[in-house]
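# Fold and contact review
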Amino acid sequence: MAVHVKGFFHEGTGTISYIVVDSEYKHAVIIDSVLDFDLSSGEVGAQFANKQLAFLQDNELQLDWILDTHAHADHLSAANYLRSKTSVQTVIGEGIKAVEGRFANVFNLGGLTTDLYQAFDRLLKEGESLAFGSASLTCMSTPGHTSDSLSYIIEDNVFVGDTLFMPDGGTARCDFPGGDAGLLWDSISRIHQLPAHYKIWVCHDYQPQGRELRYQTTVGESRSSNIHVNSQMDKAQYVALRNTRDKTLAVPKLLYPSLQVNLQSGVLPEPESNGMRYIKIPLTDNTH
Ligand SMILES: N[C@@H](CCC(=O)N[C@@H](CS)C(=O)NCC(=O)O)C(=O)O
Ligand SMILES: [Fe+2]
């Protein structure tokens, strides 16, 4: 398979979504697409996703799968929007069931819990493969940032979601419910055991020190120079560093909207009797 990777940067959330192309057979998959969302006005848009659809059309590509690496907590997934436009199936890791179970209580979803994760067409297990173009893609379960995190391997490309950032960005936070710094260390160790030339494609770049946008490294480069996980570090040191740093991080601006929508593969909440859709924000009352 002749693999070509096209990254699309979503400025508002620092997310990189990918279209991976089997250039020979003209098939493609989309990984981690984003809906535009303005929190203050409640406007939801599809400008970003439409750019990706235009790319598919302009290049006469047949879309095989709409993939998410995890239940994102900082942006709304465009998976369901893309499915509505293409009739292609949405995919996430089976760990989404546990994530959903944890948040059902936060959002008081009660008896709905078993229906939510059925919003995804396919739930993948460690090592499972999906047909893609002339070959296949395989997933590796890489929990830690979230318990449902998966990495997708397509030939010598690894789409790691938030399991790793660029070497100067380190690693993702592990303080969301179900996050676990020790598990993230173990998952990264597995990725770092892949051949050194494998390309790692990250899902976020926060441009440390204002440097230019970068979203691709290699296993070799990440292994030797990631600022959080490298040969100078051991697991206990990493867990301490990660947990200390996580205590300093603010709640992501779009945490609650993202989870409510992303547990349902990007389906917006049902309209209420006046026809409007609403996002819930659980309040913590610290007034007394
Ligand atoms: N300021 C961003 C933060 C988003 C965020 O927390 N991102 C997660 C990945 S979903 C992370 O690991 N961030 C690491 C960091 O901020 O150091 C927002 O509000 O959206
Ligand atoms: Fe994330």
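Everything below is about the structure shown above.
Residues numbered from 1 in each chain as written. Chains lettered and ligands numbered in written order. Predicted model: local features only at pLDDT ≥ 70, side-chain atom pairs only at ≥ 80, totals over all residues. Heavy atoms only, no water.

According to the stated counting rule, one finds 11 aromatic pairs in the structure shown. Taking the centre distance of 5.6 Å and the plane angle of 70° together, the rings of Tyr18 and Trp201 count as edge-to-face. Placement of Tyr18 in strand 2 (residues 15-22) and of Trp201 in strand 14 (residues 199-202) is noted, with a sequence separation of 183 residues between them. For the pair Tyr18 and Trp201, one class covers both residues: buried. Aromatic pair Trp201 and Tyr215: ring centres 6.4 Å apart, planes at 35°, arrangement tilted. Highlighted residues: Trp201 in strand 14 and Tyr215 in the loop between strand 14 and strand 15 (216-218), separated in sequence by 14 residues. Classification of Trp201 by relative accessible area gives buried; the value is 10%. Given the relative accessible area of 23%, Tyr215 is considered partly exposed. (Phe/Tyr/Trp six-rings, centres within 6.5 Å; stacked < 30°, edge-to-face > 60°. Helix = DSSP H or I, 4+ residues; strand = E, 2+ residues; numbered from the N terminus. Buried < 20%, exposed > 50% of the residue type's maximum accessible area, 1.4 Å probe, protein only.)

So, on to the site of ligand 1. All residues adjacent to ligand 1 are Asp74, His145, Asp162, Phe165, Ala172, Arg173, His204, Tyr206, Arg245, Pro252 and Lys253. At 2.8 Å, a side-chain N or O of Tyr206 approaches a nitrogen atom of ligand 1. Protein burial of ligand 1: of its 490 Å² of free accessible surface, 81% is covered by the chains. (Near = heavy atom within 4 Å. Polar contact = N/O pair within 3.5 Å; in protein donor to acceptor, adjacent residues only side chain to side chain. Areas by Shrake-Rupley, 256 points an atom, 1.4 Å probe, with all protein chains shown as cover.)

Between two packed helices, the angle of one axis relative to the other and the distance separating the axes together describe the packing. Two elements in contact, helix 1 (residues 47-58) and helix 2 (residues 79-86), have axes separated by 10 Å at closest approach and are oriented at 40°. One finds that helix 1 runs oblique with respect to helix 2. By crossing handedness, the relation of helix 1 to helix 2 is classed as right-handed. Note on element contacts: helix 2 touches helix 1 through Tyr81, Leu82, Lys85 and Thr86, opposite Ala49, Asn50 and Leu53. (Axes fitted to C-alpha atoms, helices over the stretch in contact; angles between N-to-C directions. Parallel < 35°, antiparallel > 145°, perpendicular 65-115°, else oblique. Left-handed = near helix turned anticlockwise from the far one by under 90°. Contact = heavy atoms within 4.5 Å.)

Residues Ile279, Ile281 and Leu283 make up a contiguous nonpolar surface patch of about 320 Å² in total accessible area. For Leu283, the location among the structural elements is in the segment after helix 8 (255-262). (Patch = residues over 30% accessible without salt bridge, like charges linked within 9 Å, V, L, I, M, F, W, Y side chains within 5 Å. Salt bridge = Lys/Arg side-chain N within 4 Å of Asp/Glu carboxyl O.)

Within the protein, the atoms that donate to the iron ion (ligand 2) are His70 (NE2), His145 (NE2) and Asp162 (OD), at distances of 2.0 to 2.3 Å. Relative to the metal, the four donor atoms surrounding the iron ion (ligand 2) lie at angles of 89 to 167°, and the coordination shape comes out irregular. Positions of the donor residues of the iron ion (ligand 2) along the chain correspond to the pattern H-x74-H-x16-D. Pair noted here: His70 is in the loop between strand 6 (62-67) and strand 7 (76-77) and His145 is in the loop between strand 11 (135-141) and strand 12 (150-154), with a separation of 75 residues, a long-range link. Neither residue differs from the other here; His70 and His145 are each classed as buried. (Donors = N, O, S within 2.8 Å, 3.2 Å for Na, K, Ca; no water. Tetrahedral: all angles 85-135°; square planar, octahedral: opposite > 155°, others 65-115°.)

All right, on to unusual backbone geometry then. Both trends apply: most residues other than glycine have a negative phi, and most peptide bonds are in trans. Backbone geometry at Glu155 places phi at a positive 55°, although glycine is not the residue there. Along the polypeptide, Glu155 turns up in the loop between strand 12 and strand 13 (157-161). The phi dihedral of Ser265 is positive, around 60°, even though this residue is not glycine. Take Ser265: it is sitting in the segment after helix 8. Accessibility expressed as a relative area gives 0% for Ser265, which makes it buried.

Here the focus is the packing of helix 5 (residues 181-192) against helix 7 (residues 235-246). At a minimum axis separation of 9 Å, helix 5 and helix 7 run at an interaxial angle of 125°. As judged from the angle between their axes, helix 5 and helix 7 are oblique. In this structure, the crossing between helix 5 and helix 7 has a hand that is right-handed. Together, Ala181, Gly182, Leu184, Trp185 and Asp186 of helix 5 and Lys235, Tyr238, Val239, Arg242 and Asn243 of helix 7 make up the contact between the two elements. Grouping the constituent residues of the contact of helix 5 with helix 7 by class yields five nonpolar, two polar and three charged. (Nonpolar A, V, L, I, M, F, W, Y, C, P; charged D, E, K, R; others polar.)

On to the nonpolar core, then. By size, the foremost hydrophobic cluster in this structure holds 23 residues, and its most contacted members are Ile19, Leu56 and Leu82. When residues of this core are traced back to their parent elements, those giving at least two are strand 2, strand 3 (27-31), strand 4 (34-38), helix 1, strand 6 and helix 2. Of all the elements, helix 1 adds the most residues to this core, at five residues. Setting aside its immediate chain neighbours within four residues, Ile19 contacts His4, Val5, Lys6, Phe8, Ala28, Val29, Ile30, Gln52, Phe55 and Leu56. Among the nonpolar cores identified, the runner-up in size contains 20 residues, and Ala181, Leu184, Ile188 and Val219 belong to it. (Core = buried A, V, L, I, M, F, W, Y, C linked by side-chain atoms within 4.5 Å.)

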